[in-house]
Amino acid sequence: MIAKKLKLGNFPTKIERLEKLSTMLKEHIFIKRDDQTGTEISGNKIRKLEYSINEAINNDCDTLITCGGIQSNHARATAAAGIKLGLKSILVLKSDDKPEVEGNYLLDRIMGADVRIISSEDYKNKRQEIMEEIVEELKEKGRKGYIIPEGASNGIGTFGYVNCFNEILEQEKELGITFDTIVATVGSGGTFAGLYLGNKITGSNKKIVGINITDTAEIFKDRVCSILEEAKTYIPHKDFEITKEDMCIIDGYVGDGYAISRAEELEFICDFAEAEGIILDPVYTGKAMRGLYSELKKGTFSDSNNILFIHTGGLFGLFSKKGQFGF
Ligand SMILES: *Cc1c(COP(=O)(O)O)cnc(C)c1O
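Residues numbered from 1 in each chain as written. Predicted model: local features only at pLDDT ≥ 70, side-chain atom pairs only at ≥ 80, totals over all residues. Heavy atoms only, no water.

Q: Go over the domain arrangement of the protein chain, please, and point to the residues and values.
A: According to the domain assignment, the protein chain consists of domain 1 (15-43 + 154-324) and domain 2 (45-152). The C-alpha-based centres of domain 1 and domain 2 are spaced at 24 Å. Taken residue by residue, the interface counts 29 residues in domain 1 and 23 residues in domain 2. When the two sides are added together, the surface that domain 1 and domain 2 hide from each other amounts to roughly 2200 Å², 53% of it contributed by carbon and sulfur. Taken as a group, Glu40, Ile41 and Phe316 account for 25% of the area that domain 1 buries against domain 2, more than any other trio of residues on that side. (Domains from an automatic or database assignment. Contact = heavy atoms within 4.5 Å. Buried area = accessible area lost by both parts, 1.4 Å probe.)

Okay, structure coming up:
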């Protein structure tokens, strides 16, 4: 078994220097624009979906089944990528109230995705079961479903970020810059796992830093281990060690919880946009960049020369927060 992929996103994504932030903090901080991997498919999920959907097609599946929050970037990217490849999508989305038709959910509906809304309790306890029932439901109609777990963060999906890691190594040569520290948001773990794995496989010795925006660092270290155990089955010829001890995931920036924004977090998004002309999202990159900023001020990365933050996307999710900005 080897990990193969489709070509869906616009790669390589640009790397830009964050001028104001670098000057202010007396550091060299760069950003990789994975928010620009596409429009309908924009963000980090498309890198993982290039692998997952390839596997779906190779298994003769005709329908992608996945899950996420009501404003899931991953679900929206899955629906869009599916359409381009002639696959149907069924999106199992979490919402306890009747959802506002806006942001990513509006795009899901515009694209005609089959959306199934479930409660947060069902989402937590039995989303896998619900998706498996959908596979059965399809089977009765002579169709074949392929389940992509939350965020496509499984063994196959994580190769999207192994690939991104290799892309960064290529860009380092072109730019004449070595990034000793790479920072990314941790939401379901696949992005961090892929970067960690890429670093291991290539023996690059970079510092891979995750900032979690839900749950805890400890929970994610375990999740990353299980994603990587599964990933290992695709590369049996590679020998490397996975240990929680060398995983750096920084806790402390979840705030009031997943997808919940506090005033200071939205203010940070505004300050950053005013300084750099780059829009972060409220659920993931806004909190993670705020985390990186605070950690830099504390001196956490004082031995890093060039720091690369990966902008993993999420712009559409910002629109559902419009009422909270106080404009
Ligand atoms: C899903 C997502 C993340 C988190 O990536 P994981 O691989 O799920 O950890 C970060 N940023 C955005 C915008 C996302 O949609």
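Okay, back to it.
Q: Got a sec to walk through the packing of aromatic side chains? Specific residues and values, please.
A: A complete count under the given rule lists eight aromatic pairs for this structure. With a centroid separation of 5.7 Å and 50 degrees between ring planes, the pair formed by Phe268 and Tyr293 is classed as tilted. One end of the pair, Phe268, is in helix 9 (residues 263-276); the other, Tyr293, is in helix 10 (residues 285-298), with 25 residues separating them in the sequence. Comparing Phe268 with Tyr293, the two get one shared label, buried. Three or more aromatic residues joined by ring pairs make a cluster, and in this case those are Tyr51, Phe159 and Tyr234. The side chain of Lys45 reaches across the aromatic face of Tyr284, ending 5.4 Å from its centre. In this structure, Lys232 packs its charged tip against the face of Phe240, placed 5.3 Å from the ring centre. (Phe/Tyr/Trp six-rings, centres within 6.5 Å; stacked < 30°, edge-to-face > 60°. Helix = DSSP H or I, 4+ residues; strand = E, 2+ residues; numbered from the N terminus. Buried < 20%, exposed > 50% of the residue type's maximum accessible area, 1.4 Å probe, protein only. Lys NZ or Arg CZ within 6 Å of the ring centre and 35° of its normal.)

Q: With reference to specific residues and values, describe the pairing of strand 4 (residues 88-94).
A: Here is the key point about a regular strand: its side chains alternate between the two faces of the sheet. In terms of residue burial, strand 4 counts as a mostly covered element, since five of its seven residues are buried. Pairing of strand 3 (residues 63-69) with strand 4 involves seven bridges; the strand directions are parallel. Considered in strand 4, the bridge of Gly69 is made with Lys94. Traced from strand 3 through helix 3 (residues 73-85) to strand 4, the parallel crossover comes out right-handed. In terms of handedness, the path from strand 4 via helix 4 (residues 103-110) over to strand 5 (residues 114-118) forms a crossover that is right-handed. (Pairing = 2+ DSSP bridges. Right-handed = clockwise from strand over helix to strand, strands pointing away.)

Q: With reference to specific residues and values, describe the site of the ligand.
A: Around the ligand sit 16 residues, and of these Lys45, Lys48, Ser188, Thr191 and Thr312 come closest. One of the side-chain nitrogen or oxygen atoms of Lys45 is found 2.8 Å away from an oxygen atom of the ligand. Elements that contribute at least two residues to the shell around the ligand include exactly helix 2 (45-58), strand 7 (181-186) and helix 7 (190-201). Partitioning the shell around the ligand into residue classes produces two nonpolar, twelve polar and two charged. Lining the shell around the ligand are residues from two domains, each supplying at least three of them: domain 1 (15-43 + 154-324) and domain 2 (45-152). (Near = heavy atom within 4 Å. Polar contact = N/O pair within 3.5 Å; in protein donor to acceptor, adjacent residues only side chain to side chain. Nonpolar A, V, L, I, M, F, W, Y, C, P; charged D, E, K, R; others polar.)

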